[in-house]
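# Architecture at a glance
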Protein chains: 2
Amino acid sequence: MERVVRHFQDELEALQARLLEMGGLAEERVRAAVQGIVTRDMLVIDRVMRGDEPINALHIEIDDRCFRMLALHQPMATDLRAIVAAVKINTDLERVGDLAVNIAEAARRYVSHPPVKQLIDIPEMGEIAQGMLRDALDAYVRRDTGLAQQVLDEDDRLDGLKTHVFRELLNIMLHDGATVEPSIDLILVSRHLERIGDHATNIAEDVIFMVSALDVRHHPPTPVED
Amino acid sequence: MERVVRHFQDELEALQARLLEMGGLAEERVRAAVQGIVTRDMLVIDRVMRGDEPINALHIEIDDRCFRMLALHQPMATDLRAIVAAVKINTDLERVGDLAVNIAEAARRYVSHPPVKQLIDIPEMGEIAQGMLRDALDAYVRRDTGLAQQVLDEDDRLDGLKTHVFRELLNIMLHDGATVEPSIDLILVSRHLERIGDHATNIAEDVIFMVSALDVRHHPPTPVED
C-alpha cells in the first residue's frame, strides 16, 4: 500500500513538472508574440507562428499521463481533484499556445502598415497575462489559494486595460481613417491577451476548487456540499 | 457487481441528459443573441445578458456529478474517458454561454448606431455554430464518430465565413468612417461565433478520442499507444 501511494506521488510530481514545462513554453510564446509587435520583427513573429509543435506534443503527453493515473491509481478526494484539474489546466495551456499564434497572425498584418502612434497598454497587458499564467501554475504546484486569488484580482486589471485600449483605438480610428486596419489588429491582440488572462483565471479557479473544494466560479466563495 | 455496473450506466445516462439540457440552453442563448442583432430588439439582447444563471448552476451540478462518479465507481477504459470527456464538454458549454453574453454586449453597442448596410454572413455563422453544438452533443450521446467528424468539417466553413466577414467590414469601414463603430462590433460578433464553433470542435474531438482512443487534436488520425 505504502509503495503504491508513493508511486502515485512520484507520478503526480512528474505530471506537475510537465505542466510547468508546458506553462513555461506557453508564457514564452506570449512574450515573443508581444515582442514581435513592439519591435516589428517579422523573424520573431514567424517563429511564433510556426512553433506550436512542442506545446501540442506536451498536450497529448500530459493528457495520457492523467488518464493513466486515473485508471491505474483510482485516486480519491484531493488527489482525484488534482488530476482532473491537471486535465483542465492542460487544455487551458494548449489554448494559450493557440492564442499566441493568433497574436502573431494579427502582428504580421499590423507590421505591414505604418505603426499606430502608440501601442497604448498592449505591452503592459502582455506582461500582466504572462505573470498571471506563471502565478496560476505556481499556485497549482504549491496548492496556494492565496496566490490563486491574486490571479483572479489581476484579471480585473487586465479587463480594465482591454476596455481602455478599445476606447483609445476607436478614437484614433474615428479621427484618422488610415489607422483603421492596424488599429483593428491591436484591438484583436488586446482581446487575445484578455483571453489568455481568462485561461489563467480558469487555472486559478481550479486550484481553489482543488485545495478547498470551494467553487468560486459563479458566485462568492461558499462551501460546496459533499 | 452487475448492480454496480447498472448503477453506473444509470448515472451516465443522467449525466448525458444534463449535458444535453445544458447544450440546449447554450444553443438557445446563441440563437437569441444573434436574433437580437438581426431584429435590433433590446429586450431580447437584455434577456441574454442577464440570463446565464441556469447554465452556471448546471455547470456546477455536472462537475459535481462527474467527480462523484469518478470517486464512487472508479471507471476504466471507455467509461473513464466518457466521464473525463463530460468534464471537458461541461467547461466548453459554460464558455459558450459566456460567449452568448459577449455577443449580446456587442449587440447592445451595435444597435445604438445606424445599421451597417448588411449583416453579411453573421446570421449564417450563427446557424452553423448552433448546428455544430447540437451535432457535437448528439455525437457524444450516440458515440457517433462520423457525426463528430462532420462537426470538424463544418468548423472550416465557419472559419471561412469569419475571414469573409472581416474583409467585407474592413472595406466598408475604409470607405465610410461613420461605419467604424458598428462594423467593429460585427467583427467581434463574428469572432465570438467562431469561438463557439471552436468549442463545438473541442467536443467533437473529445468524442472521437473517447470512442476510438484516437487523438485527432494535433495531427491526422493515428492510433495512440496504450
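All of the points below concern the structure found in this document.

What counts, and at which threshold
Residues numbered from 1 in each chain as written. Chains lettered and ligands numbered in written order. Predicted model: local features only at pLDDT ≥ 70, side-chain atom pairs only at ≥ 80, totals over all residues. Heavy atoms only, no water. Helix = DSSP H or I, 4+ residues; strand = E, 2+ residues; numbered from the N terminus. Buried < 20%, exposed > 50% of the residue type's maximum accessible area, 1.4 Å probe, protein only. Areas by Shrake-Rupley, 256 points an atom, 1.4 Å probe, with all protein chains shown as cover. Lys, Arg positive; Asp, Glu negative; His and termini not counted. Charge placed at Lys NZ, Arg CZ, Asp CG, Glu CD. Contact = heavy atoms within 4.5 Å. Buried area = accessible area lost by both parts, 1.4 Å probe. Nonpolar A, V, L, I, M, F, W, Y, C, P; charged D, E, K, R; others polar. Axes fitted to C-alpha atoms, helices over the stretch in contact; angles between N-to-C directions. Parallel < 35°, antiparallel > 145°, perpendicular 65-115°, else oblique. Left-handed = near helix turned anticlockwise from the far one by under 90°. Least-squares fit on C-alpha atoms with pLDDT ≥ 70 in both. Polar contact = N/O pair within 3.5 Å; in protein donor to acceptor, adjacent residues only side chain to side chain. Core = buried A, V, L, I, M, F, W, Y, C linked by side-chain atoms within 4.5 Å. Disulfide = S-S within 2.5 Å. Phe/Tyr/Trp six-rings, centres within 6.5 Å; stacked < 30°, edge-to-face > 60°. Lys NZ or Arg CZ within 6 Å of the ring centre and 35° of its normal. Salt bridge = Lys/Arg side-chain N within 4 Å of Asp/Glu carboxyl O. Expected span 1.5 Å × (residues − 1).

## Remarks on the overall build of chain A
Counting its regular elements, chain A contains 7 helices and 0 strands. Seen in sequence order, chain A has helices and strands lined up from the N terminus as α-α-α-α-α-α-α. Expressed as lengths along the three principal axes of its C-alpha atoms, the size of chain A is roughly 70 × 40 × 20 Å. For chain A, buried positions account for 56% of its 226 residues. Surface accessibility of chain A: about 9,700 Å² in total, with carbon and sulfur atoms responsible for 51%. Distance between charge centroids for chain A: 3 Å, based on 25 positive and 41 negative side chains.

## A short note on the interface of chain A and chain B
Across the contact, 39 residues belong to chain A and 40 residues belong to chain B. Around 3,700 Å² of area is buried between chain A and chain B when both sides are counted, 67% of it from carbon and sulfur atoms. Ranked by residue count, the leading element in the side of chain A that touches chain B is helix H4 (residues 77-110) of chain A, at 10 residues. Split into classes, the residues belonging to the side of chain A that touches chain B amount to 18 nonpolar, 8 polar and 13 charged.

## Brief notes about the packing of helix H3 (residues 53-73) of chain A against H4(A)
All names here are of chain A. Contact geometry of H3 with H4 gives a least axis separation of 10 Å together with a crossing angle of 165°. Viewed along their axes, H3 and H4 adopt a mutual orientation that is roughly antiparallel. Between H3 and H4 the crossing geometry is left-handed. For the pair formed by H3 and H4, the contact residues are Ile55, Asn56, Leu58, His59, Ile62, Asp63, Cys66, Met69 and Leu70 on the first element and Leu80, Ile83, Ala86, Val87, Asn90, Thr91, Glu94 and Gly97 on the second. Of the residues in the contact of H3 with H4, the class split is 10 nonpolar, 5 polar and 2 charged.

## Brief notes about the relation of the copies chain A and chain B
Its rotation angle being 180°, the transformation that places chain A on chain B also includes 0.0 Å of axial translation and leaves an RMSD of 0.0 Å. The superposition of one copy onto the other is thereby described by a two-fold rotation axis. Interface overlap between copies: 100% of the residues of chain A at the interface are likewise at the interface in chain B, consistent with a symmetric, same-surface contact.

## Quick notes on the environment of A:Arg40
Residue and element names in this part refer to chain A. In this structure, Arg40 sits in the loop between helix H1 (2-39) and helix H2 (42-50). In this structure the C-alpha to C-alpha distance between Arg40 and Pro115, which are 75 residues apart in sequence, comes to 9.0 Å. Contact partners of Arg40, with chain neighbours within four places excluded, come to Gln35, Tyr110, Val111, His113, Pro114 and Pro115. From its side chain, Arg40 meets the backbone oxygen of Val111 in a polar contact 3.2 Å long.

## Some words on the nonpolar core
By size, the foremost hydrophobic cluster in this structure holds 160 residues, and its most contacted members are A:Ile184 and B:Ile184. Residue contacts for B:Ile184: discarding those within four places in its chain leaves A:Phe166, A:Leu170, A:Met173, A:Ile184, A:Ile187 and B:Met173.

## Details of the state of the cysteines
Inspection of the entire model under this criterion finds 0 disulfides over all chains. We note that B:Cys66 lacks a disulfide partner, and the nearest cysteine sulfur, in A:Cys66, lies 15 Å from it. With a relative accessible area of 1%, B:Cys66 lands in the buried category.

## Concerning the packing of aromatic side chains
Under the definition given, this model contains 2 aromatic pairs over all chains. Look at A:Phe67 and B:Phe209: their rings are 5.4 Å apart centre to centre, the planes differ by 65°, and that puts the pair in the edge-to-face class. In this pair, A:Phe67 sits in helix H3 while B:Phe209 sits in helix H7 (residues 180-212), so the two residues belong to two different chains. Taken as a pair, A:Phe67 and B:Phe209 share a single burial class, namely buried. A cation sits over an aromatic face here: A:Arg191 above A:Phe166, 5.4 Å from the ring centre. A cation over an aromatic ring shows up here: B:Arg81 above the ring of B:Phe209, its NZ or CZ 5.9 Å from the ring centre.

## Remarks on the side chain of B:Asp121
Residues and elements named next belong to chain B. Tracing the backbone through its elements, the reader meets Asp121 in the loop between helix H4 (77-110) and helix H5 (122-142). Buried charged residue Asp121 carries no salt bridge. Nearest counter-charge: Arg157, at 9.2 Å. One polar contact links Asp121 to His164, side chain to side chain, over a distance of 2.5 Å. Apart from residues lying up to four places away in sequence, Asp121 is in contact with Leu161, His164 and Val165.

## So, H4(A)
For H4(A), which comprises 34 residues, the first-to-last C-alpha distance of 49 Å matches the rise-based estimate of 50 Å (1.5 Å per residue) to within 8%. Across the 34 residues of H4(A), 26 count as buried, placing the element largely inside the fold.

## Brief notes about the packing of H4(B) against H7(B)
Residues and elements named next belong to chain B. For the pair H4 and H7, interaxial distance at closest approach is 9 Å and the crossing angle is 170°. Relative to H7, H4 is oriented roughly antiparallel. Class assignment of the residues belonging to the contact of H4 with H7 gives a composition of 19 nonpolar, 5 polar and 8 charged.

## What about the environment of A:Ala32?
All names here are of chain A. Note on placement: Ala32 falls in helix H1. Taking relative accessible area as the criterion, Ala32 reaches 10% and is therefore assigned buried. Along the sequence, Ala32 and Ala85 sit 53 residues apart, while their C-alpha atoms lie 27 Å from each other.

## So, the pattern of salt bridges
For the structure shown, the criterion picks out 26 salt bridges over all chains. Taking the shortest distance from any N to any O, the salt bridge between A:Lys88 and B:Asp63 comes out at 3.2 Å. Of this pair, A:Lys88 sits in helix H4 while B:Asp63 sits in helix H3 (residues 53-73), each in a different chain. The exposure class of A:Lys88 is buried, given its relative accessible area of 11%. Judged by relative accessible area, B:Asp63 falls into the buried class, the value being 0%. For A:Arg157, the salt bridge identified is with A:Glu124, shortest N-O distance 3.2 Å. You can see A:Arg157 sitting in helix H6 (residues 145-175) and its partner A:Glu124 sitting in helix H5 (residues 122-142), a full 33 residues away along the chain. For A:Arg157, a relative accessible area of 42% translates into the label partly exposed. Taken together, the shared-partner salt bridges connect A:Arg18, A:Glu21, A:Glu61 and A:Arg65 into one network.

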